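What follows is each chain in one-letter form.
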Amino acid sequence: MGFQMNQSDSNRRRPPSIDSLLRKTDSYPIPRLLRKRLIQDLLRVWQQEHSLPDTAFIEAAIGSHLERIEKGHLQPVINATGVVLHTNMGRAPFHMDLCVHVNQSLIGYNSLELDLNTGKRGKRGALVEKALAVLTCSESATVVNNCASALILILSACKLKDRREVLVSRSELVQIGGGFRIPEILESAGLQLKEIGTTNRTHINDYKKSITDETALILKVHQSNFYMDGFVESASIKDLAELAKSQQIPFAVDLGSGALIHTASHFGIEEEPTPESIVQKGADMVCFSGDKLMAGPQAGIIVGKETWIERLKSNPFFRALRPDKMVLSALEFTVQKHLESKNDPESPKLPDLPAYELLSQSRQNLKDRADAILKASNCRTVDLNIIETDSEVGGGTMPRTRMASIAIEVSIQSIKPDTIARSFRECHPPVIGYVQQGSFRLNLRTIFSDQDETISACIQQIEEKLVLRSSKEA
Ligand SMILES: *Cc1c(COP(=O)(O)O)cnc(C)c1O
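Residues numbered from 1 in each chain as written. Predicted model: local features only at pLDDT ≥ 70, side-chain atom pairs only at ≥ 80, totals over all residues. Heavy atoms only, no water.

Observations concerning the packing of helix 5 (residues 96-106) against helix 15 (residues 325-340)
Where we set the bar: Axis definition: a line fit to C-alpha positions, over the contact stretch in the case of helices; interaxial angles, taken between N-to-C directions, run 0 to 180 degrees. Counting from the N terminus, the helices are DSSP H or I runs at least four residues long and the strands are E runs at least two residues long. These descriptions rest on fixed angle ranges, namely under 35 degrees for roughly parallel, over 145 for roughly antiparallel, 65 to 115 for roughly perpendicular, and the rest for oblique. Note on convention: the crossing is left-handed when the near helix lies turned anticlockwise from the far helix by less than a right angle, right-handed when the turn is clockwise. By definition, residues are in contact when any of their heavy atoms lie within 4.5 Å.
Across the interface, helix 5 lies against helix 15 with an axial gap of 9 Å and an inter-helix angle of 130°. By the angle between their axes, helix 5 is oblique relative to helix 15. Considering how the two elements wind past one another, helix 5 and helix 15 form a crossing that is right-handed. In contact with Asp97, Leu98, His101, Val102, Ser105 and Leu106 of helix 5, helix 15 contributes Lys325, Met326, Ser329, Ala330, Glu332, Phe333 and Thr334.

Regarding the layout of surface pockets
The criterion, for reference: Grid points spaced at 1 Å over the protein atoms alone were grouped into cavities, where a 1.4 Å probe fits but cannot get out, and pockets, open sets with protein on both sides within 12 Å along at least five of seven lines, with lining residues defined by an atom within 4 Å of a point. Grid points are joined across faces, edges and corners, and a volume is the space filled by probe spheres set on the points.
Counted as a void, the largest pocket has a volume near 990 Å³. Lining the largest pocket are 28 residues, and of these Pro76, Val77, Met89, Pro93 and Phe94 sit closest to its centre. Elements represented by at least two residues in the lining of the largest pocket include exactly strand 1 (78-79) and helix 16 (354-359). Ranked by the residues each element gives to the lining of the largest pocket, the list is headed by helix 16, at three residues.

Digging into the confidence of the model for the protein
The test is simple: Residue-level confidence of the predictor, termed pLDDT, takes values from 0 up to 100.
Across the protein, the average pLDDT comes to 94, with 97% of residues at 70 or higher. Every residue in residues 1-7 is under pLDDT 50, and counting partners more than four places away or in other chains gives two contacts.

Here we look at the nonpolar core
For the record, the criterion: Remark: nonpolar core denotes a set of buried residues (Ala, Val, Leu, Ile, Met, Phe, Trp, Tyr, Cys) joined through side-chain atoms within 4.5 Å. Note on exposure labels: buried denotes an accessible area under 20% of the residue type's maximum, exposed denotes more than 50%, and partly exposed covers the range between, all computed with a 1.4 Å probe on protein chains only.
Judged by nonpolar contacts, the single largest core of 36 residues is most densely connected at Leu132, Tyr207, Ile218, Phe251, Met294, Ile301 and Leu331. When near neighbours in sequence (up to four residues on either side) are disregarded, Leu132 contacts Ala141, Val143, Met294, Ile301, Val303, Leu331 and Val335. The next biggest cluster of nonpolar side chains, apart from the first, holds 31 residues, and it includes Ala150, Leu151, Cys158 and Trp308.

Encoded structure:
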């Protein structure tokens, strides 16, 4: 192995001692053991590259590295992107009341699996399951970690020794988010995908022709984050349910978002299918996310026929996928809000949940708030403009739906929009906007009205900081 002796400074240098670096960074709010590891990792990179800098450089680099790491904490941010169910910001936002409920129900021990009537072991989440069944007009319901695990559980429960084929339309072989791909999920669950129909057209007869003794399941998947237009056709839920029943094959629908409310009448956008409507048309199992249009915590809800839900719950995978006490508590709160909104069946209200509050704001209302923010910011050098724009539901749902919205355009002469974006991220709490058409924007749709004052304060701080800096540079 060739090893060249290199007499350069960086090779002869020895790194400063870990102890001295630890002492120098004592003021960072990162526990010593973690700090030590971070410092060691950084030093190792330099040493491996034979490019150890001098001590002053090392200390400065470690300082900024620790600052970056420190920002990795889970912490509140202000979402000014206009994307309501933003996957990078925890999808459905939580209200303080939900956090208080979780706090109060979980401090110390709790009755997670305790039946207080008998003092004996009880069933985890039994009340939430019943409530979910009521909300979706289903025989039965259960809960797992997310919709992805719900699908895995359904697949696993439908897999039989001699029946491994799952029928899915070619138009529904979707990828959701980072790496969730329907064909790969099927394969990893030990099942075989049987593609039905064509990309744009799938007929009920295409399914009929494909059923054999090896068919384990008919699966319908919501297209979620894309849509098709033009010469398209798909088999209806009702026809699929009838076919499955006549052939004694289970029929499941992965609904993805699954709105428990009518999105068209409440928000004036397109109607998202409700789990209730799918169950009524005869599906055996329907799964959907807790943190998309249900506006609750991350969870996978499965509703449908009692025999199937019981089969899911007795599957060995269920134990590995079930939610913990924190999720169950947050879900209990969310489900309660949904139920309360239906107290008067004649005129169901909009459940009192933050995502719905954001979705139902009118453009005029957002405009009034933007005006007030501009007034309160009282800027001299920062240029603030109110523009009409739109916003999205997000979370991989309703890709063609846009809601009328208002944004504040923030520009400062001779300062790049990306630099402005960074300054907003450095506010407390960080404000996350976006750059569009060459300028930085704050979309009012996803800013809660009680955050408006924070936004003006942040604008003022940025004016002081950036304008001061640019005048120094000039
Ligand atoms: C979003 C989505 C999923 C995944 O849901 P998670 O709750 O994020 O696991 C699965 N299927 C469809 C159709 C979806 O839209």
